[in-house]
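Fold and geometry: a report
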Amino acid sequence: MLSCNTRQDSNMTYQLASQQPFGLLNLACKIVCFITATHQSGHNSGVIHSGIYYTPGSLKARLCVRGSSLLYEYCDGKRIPYKKCGKLIVAVHHHEVPRLQALYERGLQNNVPELRIINAKEIREKEPYCKGVMALDSPHTGIVNYRQVAQSYSDDFRDAGGSVLTGFEVSDINMVNESPAGSEQCLKYPVVIRNSKGEDIYCKYVLTCAGLFSDRLSQISGCSSEPRIVPFRGDYLVLKPEKCYLVKGNIYPVPDPRFPFLGVHFTPRMDGNVWLGPNAVLAFKREGYRLCDFNARDFGEAVTYSGLRKLVSKNLVYGMGEMYRALFLRAQLKELQKFIPELSINDILRGPSGVRAQALDRDGNLVDDFVFDGGSGDLASRVLHVRNAPSPAATSSLAIAEMIASEVEERFSL
């Protein structure tokens, strides 16, 4: 039996698999999801990524390319609407062209389908209002409503025999000390998960997918707290409806390796809106979607962590710029006008925000790839933690599920 715990909403909702037996591979294909998608998956850009950016051979690269293919196939089978609107990674200055060409080579190594470099004239043909000297065209990139996808995963999970418990704030994970007289449950399911109300769930093995709280859940199960999760808020702007004609597909910048985050981009949405952004600023609460959201424990843990202090010291100027752009719309507009000069301050509004569960090591390095681990001892050896599942985790979700299924079978000898 597997139990999956996923932080979902403001009062700590977790997904927990039922204790009824069912096929592991069947389970794994549904278990890696955000059931209500009220946090990272419900606040993300909705892009189905193609796998261009990631280091060849990395888990990110392999899982993204396979995951996008599986996701399109899944959406077709479930009749979940999506759009293959494509993506242009645009070089607006000539000095960005070598980085763009290197990105093209990386995409080819990652087996990204239909990738090609286009010139300024071809950019205009695809995005009439976009300015650029060269671009990387990825027609396999798409958009989808990930809340709808996650709800479909949830329905599949229930259909396979699972149960979803919400409002279950996990406060402790431990081994059962003794079995009640005449009960075989504690012998079959020796791990007990307790919530803040004193309610218990018994299980044989535990799989956690806790996102913003993955480090804390790992700690209470007797495993390592590293890598540490530091929350970063990303604020989006939105185009006014009458200006959405300015953007047809995804428009992204050429990433600058000197900086830790990607930069602002243009993202069409399934509902017809267009999101602009996001920026990246430290959130003062792990679920802090507004500037004024604050939690003393979350803030204290973040600012006293040596990894964050080292990250800030290495990227102080960049970080100050992100803070400035978060406060002043005109500063963000200036970045956006590099790609679409016609944009004006009257065309944009403040939009939604998301919080990214950024994993950091103690040396201040962003943990860029997926991390799966457990521990030793009676309890920790029965737990598999999904410690870090950054973007493109939503795109990769079904491929991640395949990997978790294989890892669970091997780790727990199932």
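Attention here is on the structure that accompanies the text. (Residues numbered from 1 in each chain as written. Predicted model: local features only at pLDDT ≥ 70, side-chain atom pairs only at ≥ 80, totals over all residues. Heavy atoms only, no water.)

**Topic: the packing of aromatic side chains**
Throughout the structure, instances matching the rule amount to 12 aromatic pairs. Each ring, one from Tyr205 and one from Phe412, has its centre 4.3 Å from the other, and the planes form 15 degrees; the classification is stacked. Within this pair, whereas Tyr205 is found in the loop between strand E10 (200–203) and strand E11 (206–208), its partner Phe412 is found in the segment after helix H13 (393–411), the two being separated by 207 residues in sequence. Take Tyr205: its relative accessible area is 12%, and that puts it in the buried class. Between the aromatic rings of Tyr324 and Phe328, the centroid separation amounts to 4.9 Å while the plane-to-plane angle is 45 degrees, which identifies the pairing as tilted. Taken together through their ring pairs, the aromatic side chains of Tyr53, Tyr54 and Tyr252 make up a single cluster. (Phe/Tyr/Trp six-rings, centres within 6.5 Å; stacked < 30°, edge-to-face > 60°. Helix = DSSP H or I, 4+ residues; strand = E, 2+ residues; numbered from the N terminus. Buried < 20%, exposed > 50% of the residue type's maximum accessible area, 1.4 Å probe, protein only.)

**A word on the side chain of Arg286**
The topology assignment puts Arg286 in the loop between strand E16 (281–282) and helix H9 (296–303). By relative accessible area, Arg286 is classed as buried at 2%. Within polar-contact distance, the side chain of Arg286 engages the side chain of Glu301 at 3.3 Å. Arg286 has contacts with Leu212, Phe213, Asp215, Arg216, Ile229, Pro231, Asp298, Glu301 and Val355, leaving out every residue within four places of it along the chain. (Polar contact = N/O pair within 3.5 Å; in protein donor to acceptor, adjacent residues only side chain to side chain. Contact = heavy atoms within 4.5 Å.)

**Thoughts on the pattern of salt bridges**
In this structure the tally under the stated criterion is 25 salt bridges. For the salt bridge of Asp156 with Lys78, the shortest nitrogen-to-oxygen distance reads 3.0 Å. Residue Asp156 is found in helix H6 (residues 146–159), and its partner Lys78 is found in helix H3 (residues 59–78); the two are separated by 78 residues along the sequence. A residue is classified by how much of its surface remains accessible, and Asp156, at 9% relative accessible area, is buried. Two residues, Arg325 and Glu322, come together in a salt bridge whose shortest N-O distance is 2.7 Å. Placement of both Arg325 and Glu322 in helix H11 (residues 316–327) is noted, with a separation of three residues, approximately one turn of the helix. Of the residues examined, Glu322 reaches a relative accessible area of 6% and is grouped as buried. Connected through shared salt-bridge partners, Asp215, Arg216, Arg286, Arg297, Asp298 and Glu301 make up one network. (Salt bridge = Lys/Arg side-chain N within 4 Å of Asp/Glu carboxyl O.)

**Some remarks on H13**
Its 19 residues place the ends of H13 only 22 Å apart at the C-alpha level, less than the 27 Å of an ideal helix rising 1.5 Å per residue. For H13, the principal kink sits at Ala399 and spans about 45 degrees. Along H13, the residues that are buried comprise Ala393, Ala394, Thr395, Ser396, Ser397, Leu398, Ala399, Ile400, Ala401, Ile404, Ala405 and Val408. Remark: Ser413 follows H13 within two positions and exhibits a positive phi of approximately 55 degrees. (Expected span 1.5 Å × (residues − 1). Bend = angle between axes of the 7 residues up to and from the residue.)

**Brief notes about the sheet that holds E10**
With respect to topology, three strands assemble into an open sheet ordered E8-E9-E10, the strand pairing being antiparallel. Only two strands of the sheet have a single neighbouring strand rather than two, namely strand E8 (170–175) and E10. The sheet shows a mean angle of 20 degrees between the axes of neighbouring strands, direction not considered. Pairing between strand E9 (residues 191–195) and E10: four bridges, direction antiparallel. (Pairing = 2+ DSSP bridges. Axes fitted to C-alpha atoms, helices over the stretch in contact; angles between N-to-C directions.)

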